[in-house]
Number of protein chains: 2
Amino acid sequence: MTNLYGIDARSGERLEPAVPETTPGEVAERCAAADRAAPALAALPLDTRARLLRTVAAELDAAADELIASADRETALGRPALEAELARTTHQLRLLADEVLRPDFLQRRTEQGADGTPSFLRTLLPVGPVAVYAASNFPFALAVAGSDTAAALAAGCAVVVKAHPGHPLTSQRVDRVVTGALRAAGAPDGTFSVVHGMAAGQALINDPHIRAASFTGSQAGGRALFDAAASRPDPIPFYGELGSVNPVFLTRAAVSARRSEIVSGFVTAATRYVGQLCTSPGLMFVPADAGLDETLAAELSAVPAAPLLNQRILDGFRQGTQRLAKAADPLVATTDGPHLFRTTIQEFLAHPELMEECFGPASVLVAYEDEADLLAAAGRLPGSLTATLHAEPSDAAVVGQLLPLLTRKVGRVVWNGWPTGVAVNRTMHHGGPWPATTSAAFTSIGTESVRRFQVPVTFQDFPGDLLPTPLNA
Amino acid sequence: MTNLYGIDARSGERLEPAVPETTPGEVAERCAAADRAAPALAALPLDTRARLLRTVAAELDAAADELIASADRETALGRPALEAELARTTHQLRLLADEVLRPDFLQRRTEQGADGTPSFLRTLLPVGPVAVYAASNFPFALAVAGSDTAAALAAGCAVVVKAHPGHPLTSQRVDRVVTGALRAAGAPDGTFSVVHGMAAGQALINDPHIRAASFTGSQAGGRALFDAAASRPDPIPFYGELGSVNPVFLTRAAVSARRSEIVSGFVTAATRYVGQLCTSPGLMFVPADAGLDETLAAELSAVPAAPLLNQRILDGFRQGTQRLAKAADPLVATTDGPHLFRTTIQEFLAHPELMEECFGPASVLVAYEDEADLLAAAGRLPGSLTATLHAEPSDAAVVGQLLPLLTRKVGRVVWNGWPTGVAVNRTMHHGGPWPATTSAAFTSIGTESVRRFQVPVTFQDFPGDLLPTPLNA
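Residues numbered from 1 in each chain as written. Chains lettered and ligands numbered in written order. Predicted model: local features only at pLDDT ≥ 70, side-chain atom pairs only at ≥ 80, totals over all residues. Heavy atoms only, no water.

**Here we look at the overall build of chain A**
No. 1: Counting its regular elements, chain A contains 14 helices and 17 strands.
No. 2: Projected onto its principal axes, the C-alpha positions of chain A cover 70 × 65 × 40 Å.
No. 3: Split into buried and exposed, the 473 residues of chain A put 63% on the buried side.
No. 4: With an accessible surface of roughly 16400 Å², chain A has 53% of that area assigned to carbon and sulfur atoms.
No. 5: Charge centroids of chain A, computed over 38 positive and 49 negative side chains, lie 3 Å from each other. (Helix = DSSP H or I, 4+ residues; strand = E, 2+ residues; numbered from the N terminus. Buried < 20%, exposed > 50% of the residue type's maximum accessible area, 1.4 Å probe, protein only. Areas by Shrake-Rupley, 256 points an atom, 1.4 Å probe, with all protein chains shown as cover. Lys, Arg positive; Asp, Glu negative; His and termini not counted. Charge placed at Lys NZ, Arg CZ, Asp CG, Glu CD.)

Here's what the structure looks like:
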């Protein structure tokens, strides 16, 4: 048996106890158990389903001290950030519990037949057992009990989570809390389990019982799993949130009107979570004559370096900043800390590698001359989770030209704000075209995330009392 | 330049004029034109978008005589069926025009920020240019101006249709009607085009401008295109409707209560459109002691053979019936006409090839002893578009056990009716798990089919008057 170990993210020290990797045989057992649980779970009344989510939230809150201490050790994100993240995690679960109880949750729609034509009831049902691949950067909110798990349970699906190797001990602790809470709230055995290790993750995506998978992580890792899901004998949907440069566009008028606010807003956004956010602004188009470079460089240089999540992310950050340094001029290059690069629009258009995400606190400033430059760049950008416009009412013409380009490239457009800080609500779309995600039609955050794990079924001429629970309610 | 030819489906005679295959270079031009049209098309007011659909419907109606004569020659489906199909085609277009004008069409949802938090508007926008692969069996309703084209135009997307080689002349005629109608109604150039030939179809799925694709056809053809879509550098969604055995379950009580109605209903459903329907009942579970086999065989034998759509489908039908004959006993085996096979539940479970669709007028009867047999079979069935239950109120217990199995396997469950005759309405789900479709979350028929071609975008703190048309309306 192979073991995984948690690593102290500040000291690099190996933590005990070891976490055993899940064998492919054990993965098959968990998936079979999830499949056996599926019909009973789907048939729970909706208020019981909501109670499962609320009980998980309550038990996570009750275990907060132990969980936060563990996550801080394994990620170095710090107690305040982790407290906020755990609060977001339990908020997600409770928000989805509320959503389950909304009258339109199952999108029931009926059509009465006339003149001998059939009657129909169309509704949403759980897709079946779901595989969730946890992220490194949010050990609670995008991990074992994170938004994907909450969405799958809200849909009525059993879940098998592949834990992230960056925080195996925290994952184990959250696993125990969730498993206990679900049992206490009346979920069938097999509703939830966690697997560890690379081989387990590969077995999971290929397991015949798994009907959908979700993932937040790197483009390379996500693509490998997407390819595995798509090349199964029975392809399954793979909802991956992969990577994003999150372009920001500054007009001259915006810089004139709000220079210092923009500078401090950018520096805060670019270094939040040590730059380890999917929505971190990796690219900013600035007027060439605005004289912003030096100010931005000075403020960014003043931000102290902080430990990254783990050695793999640090290695990736070093490679990413080296890649950017080959094509753009470094303005700030703190060792293993904040980086800022500068280039021109012509160089930018000639170097597609500047359009790729560098995960961590690194951004590229692109100096533009006129609005035609902005439109040319916007037309060439890859898919992103977000785009941000800083502009003034006098910029209406260029905004009107940019928006149709940007709405084809991103899932969220931010006006005079910053893309970091994803609101968990009923209006969030956290998605976007490839490579931001593998599936632009769905969000991984917010209540609509549940739609990934529901499938429509139409009942034709069915007697109401013979419909399955909870449809016969 | 290579040419395609229409074939007279009754005589096998080659029809003039030749239809030139579209070269890969021409496909690239059409896709680039669709991409250039996309922003202007997306920005049309919704009532203009609805008018495009209505104008196409009106012009198709106006050309009915010419179109039906052409389609009858190329498919041998007969004038009455083709008249009904053209009516369904224009109904689809008008129903989607109505849908575009419904207040909830864009699923706008807003959330007002409080205490300095942002405000959000979430809505659906067109995904971008769409590739549509036409089907052979519905030369109007699932072809050049069929439900996929209607859904894409309703979503605000430009469309490039790959015509089916089974009816190239009809496709060309419909192309001319649609192109003229769209131009007259004010659609931008490049909104719509049709390409011909296998090489064009392959170029189309790989074109970088195409953002989504849809298909109705064979499992082999659909899988090849799905694989191409998934292995692009930027994978795109591929909505394929591939094949389905559409199991029917007869309880003893149902046979006792409605024997002759069930027999004639089955024979009508199995031979409708010469069995060339995606929803044709290919499999029926019958009580072993009901003595239905001989009655069904006698009624089916009385149905005269009719020409299949084309030589390729006839070849496939011959291979399919040979495959079934190896594993089941033939009850009816009309040369190139209706076929009926019989087997036991044990043989059925031991021969997965009996669970595969044989496109054309062929069905398999599976004799079962008790309800445990039905549950065992339902648990092993592949994904289908439909499942049908013939049962009585006294069967509530077995229905309660079957339904949770069936709703995980099919997109539509029919009670005491037949699966053929897909209603085009707001409650239809024409979909199901693989191999029925490549994407169980979406329907290819009915108003919800438009969701395949819309993507959500969230606007954060955006001034209403700067939103793009039609959102600023």
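**Let's talk about the relation of the copies chain B and chain A**
No. 1: Here chain B sits on chain A after a turn of 180 degrees about the axis and a move of 0.0 Å along it, with an RMSD of 0.0 Å. The transformation just described matches what one would write down for a two-fold rotation axis. Minimal C-alpha distance to the rotation axis in chain B is attained by Ala230 of chain B, lying at 3.3 Å.
No. 2: Counting the interface residues of chain B, we find that 100% of their copies in chain A are interface residues as well, pointing to one common contact surface. (Least-squares fit on C-alpha atoms with pLDDT ≥ 70 in both. Contact = heavy atoms within 4.5 Å.)

**Overview of the sheet that holds strand 12 (residues 329–333) of chain A**
No. 1: A sheet is described by the order of its strands in space; here ten strands give the open sequence 12(A)-13(A)-14(A)-11(A)-10(A)-15(A)-16(A)-17(B)-4(B)-3(B), paired in mixed fashion. At either margin of the open sheet sits one strand with a lone partner, and together these are strand 12 of chain A together with strand 3 (109–111) of chain B. Neighbour-to-neighbour, the strand axes of this sheet turn through a mean angle of 20 degrees, independent of strand direction.
No. 2: Bridge count between strand 13 (residues 339–344) of chain A and strand 14 (residues 362–368) of chain A: six bridges; the pairing is parallel. Along strand 14 of chain A, the bridge assignment pairs Arg342 of chain A with Leu365 of chain A.
No. 3: Those strands touched by helix 10 (residues 292–301) of chain A are strand 10 (247–250), strand 11 (283–287), strand 12, strand 13 and strand 14 of chain A, and its axis lies near 165 degrees from that of strand 13 of chain A. (Pairing = 2+ DSSP bridges. Axes fitted to C-alpha atoms, helices over the stretch in contact; angles between N-to-C directions.)

**Brief notes about the interface of chain B and chain A**
No. 1: Contacts between chain B and chain A engage 59 residues on the former and 59 residues on the latter.
No. 2: Summing both partners gives a buried area of about 5100 Å² for chain B against chain A, and 59% of it is carried by carbon and sulfur.
No. 3: Taken together, the connections running from chain B to chain A amount to 34 residue pairs in polar contact (both at pLDDT 80 or more).
No. 4: Elements with a minimum of two residues in the side of chain B that touches chain A: helix 1 (24–42), strand 3, strand 4 (120–126), helix 8 (219–230), helix 14 (396–406), strand 16 (410–415) and strand 17 (454–460) of chain B.
No. 5: Looking at the side of chain B that touches chain A, the element that brings in the most residues is strand 17 of chain B, giving seven residues.
No. 6: Looking at side-chain class alone, the side of chain B that touches chain A contains 33 nonpolar, 13 polar and 13 charged residues. (Buried area = accessible area lost by both parts, 1.4 Å probe. Polar contact = N/O pair within 3.5 Å; in protein donor to acceptor, adjacent residues only side chain to side chain. Nonpolar A, V, L, I, M, F, W, Y, C, P; charged D, E, K, R; others polar.)

**Observations concerning the sheet that holds strand 9 (residues 238–241) of chain A**
All names here are of chain A.
No. 1: Read across the sheet, five strands follow the order 7-6-5-8-9 without closing on themselves; strand pairing throughout is parallel. Looking along the sheet, the strands with just one partner apiece sit at the ends: strand 7 (192–195) and strand 9. Within this sheet the neighbouring strands show an average axis-to-axis angle of 15 degrees, counted without direction.

**What to know about the packing of helix 3 (residues 64–75) of chain B against helix 6 (residues 168–185) of chain B**
Residue and element names in this part refer to chain B.
No. 1: Packing of helix 3 against helix 6 brings their axes to within 8 Å, and their N-to-C directions diverge by 160 degrees. Considering their axes alone, helix 3 and helix 6 lie roughly antiparallel with respect to each other. Considering only the axes of helix 3 and helix 6, their crossing is left-handed. Taking contact as the criterion, the partners of Glu66, Leu67, Ser70, Ala71 and Glu74 in helix 3 are, on helix 6, Pro168, Leu169, Thr170, Arg173 and Val174.
No. 2: Its residues placed into classes, the contact of helix 3 with helix 6 shows five nonpolar, two polar and three charged. (Parallel < 35°, antiparallel > 145°, perpendicular 65-115°, else oblique. Left-handed = near helix turned anticlockwise from the far one by under 90°.)

**Things to note about the side chain of Ser280 of chain A**
No. 1: Tracing the chain through its elements places Ser280 of chain A in the loop between helix 9 (252–271) and strand 11.
No. 2: Apart from the residues within four sequence positions on either side, Ser280 of chain A is in contact with Val245, Asn246, Ala269, Ala270, Gly275 and Thr420 of chain A.

**Focus on helix 6 (residues 168–185) of chain A**
No. 1: With 18 residues, helix 6 of chain A ought to run about 26 Å at 1.5 Å a step, and its terminal C-alpha atoms sit 25 Å apart, in line with that.
No. 2: Here the buried face of helix 6 of chain A lies against strand 2 (19–20), helix 2 (46–62), helix 3 (64–75), helix 5 (147–155) and strand 7 of chain A. (Expected span 1.5 Å × (residues − 1).)

**Remarks on the packing of aromatic side chains**
No. 1: Under the criterion given, the structure shown has 21 aromatic pairs over all chains.
No. 2: Between the aromatic rings of Tyr239 of chain A and Phe453 of chain A, the centroid separation amounts to 6.2 Å while the plane-to-plane angle is 85 degrees, which identifies the pairing as edge-to-face. Pair noted here: Tyr239 of chain A is in strand 9 and Phe453 of chain A is in the loop between strand 16 (410–415) and strand 17 (454–460), with a separation of 214 residues, a long-range link. A single burial state applies to Tyr239 of chain A and to Phe453 of chain A, both of which are buried.
No. 3: Following the ring pairs from residue to residue traces out a cluster consisting of Tyr239, Phe442 and Phe453 of chain A together with Tyr239, Phe442 and Phe453 of chain B.
No. 4: The aromatic ring of Phe138 of chain A is capped on one face by Arg88 of chain A, whose charged end is 5.1 Å from the ring centroid. (Phe/Tyr/Trp six-rings, centres within 6.5 Å; stacked < 30°, edge-to-face > 60°. Lys NZ or Arg CZ within 6 Å of the ring centre and 35° of its normal.)

**Here's the deal with the pattern of salt bridges**
Opposite charge on two side chains permits them to pair, given that their charged atoms come into close proximity.
No. 1: A full pass over the atoms with the stated rule returns 38 salt bridges over all chains.
No. 2: Of the charged contacts, one joins Asp234 of chain A and Arg232 of chain A as a salt bridge, the two residues approaching to 3.2 Å between their closest N and O atoms.
No. 3: A residue is classified by how much of its surface remains accessible, and Asp234 of chain A, at 18% relative accessible area, is buried.
No. 4: A relative accessible area of 2% means that Arg232 of chain A is categorised as buried.
No. 5: Each of Arg109 of chain A together with Glu448 and Arg451 of chain B takes part in a single network of salt bridges with overlapping partners. (Salt bridge = Lys/Arg side-chain N within 4 Å of Asp/Glu carboxyl O.)

**Here's the deal with the state of the cysteines**
No. 1: A complete count under the given rule lists zero disulfides over all chains for this structure.
No. 2: Summary of cysteine pairing: Cys157 of chain A is not part of a disulfide, and the nearest cysteine sulfur, belonging to Cys31 of chain A, is at 13 Å.
No. 3: You can call Cys157 of chain A buried: its relative accessible area is 1%.
No. 4: Free cysteine: Cys278 of chain B, not disulfide-bonded; nearest cysteine sulfur from Cys358 of chain B at 14 Å. (Disulfide = S-S within 2.5 Å.)

**Structural notes on the pairing of strand 12 (residues 329–333) of chain B**
All names here are of chain B.
No. 1: Two strands pair when backbone bridges link them, and strand 12 and strand 13 (residues 339–344) are joined in this way by four bridges, in the antiparallel orientation. Paired with Ala333 across the strands is His339, a residue of strand 13.
No. 2: Taking the residues that link successive antiparallel strands as the turn, the strand 12-strand 13 hairpin has five residues, and the phi of Asp336 there is positive, at about 55 degrees.

**Considering the environment of Leu225 of chain A**
All names here are of chain A.
No. 1: Locating Leu225 in the fold gives a position in helix 8 (residues 219–230).
No. 2: Taking the relative accessible area as the measure of exposure, Leu225 reaches 12% and is therefore buried.
No. 3: The sequence separation of Leu225 and Asp293 amounts to 68 residues, and the corresponding C-alpha distance is 40 Å.
No. 4: Ignoring sequence-local partners within four residues, the contact set of Leu225 consists of Tyr133, Gly201, Ile205, Phe215 and Phe238.

**Brief notes about unusual backbone geometry**
Trans peptide bonds make up the majority, and among non-glycine residues the majority have a negative phi.
No. 1: Omega for the peptide link from Trp434 of chain A to Pro435 of chain A comes to 5 degrees, which places this bond in the cis form.
No. 2: Looking along the chain, the bond that leaves Glu16 of chain B and enters Pro17 of chain B is cis, with omega of 0 degrees.
No. 3: Along the polypeptide, Pro17 of chain B turns up in the loop between strand 1 (3–4) and strand 2 (19–20).
No. 4: With a phi close to 50 degrees, Gln107 of chain A is a non-glycine residue in the positive phi region.
No. 5: Relative to the helices and strands, Gln107 of chain A resides in the loop between helix 4 (79–100) and strand 3 (109–111).
No. 6: Residue Gln107 of chain A is classed as partly exposed on the basis of its relative accessible area, which comes to 34%.
No. 7: A positive phi angle, near 60 degrees, is found at Asp461 of chain A, a position not held by glycine.
No. 8: Within the fold, Asp461 of chain A resides in the segment after strand 17.
No. 9: According to the relative accessible area criterion, Asp461 of chain A is partly exposed, its value standing at 34%.

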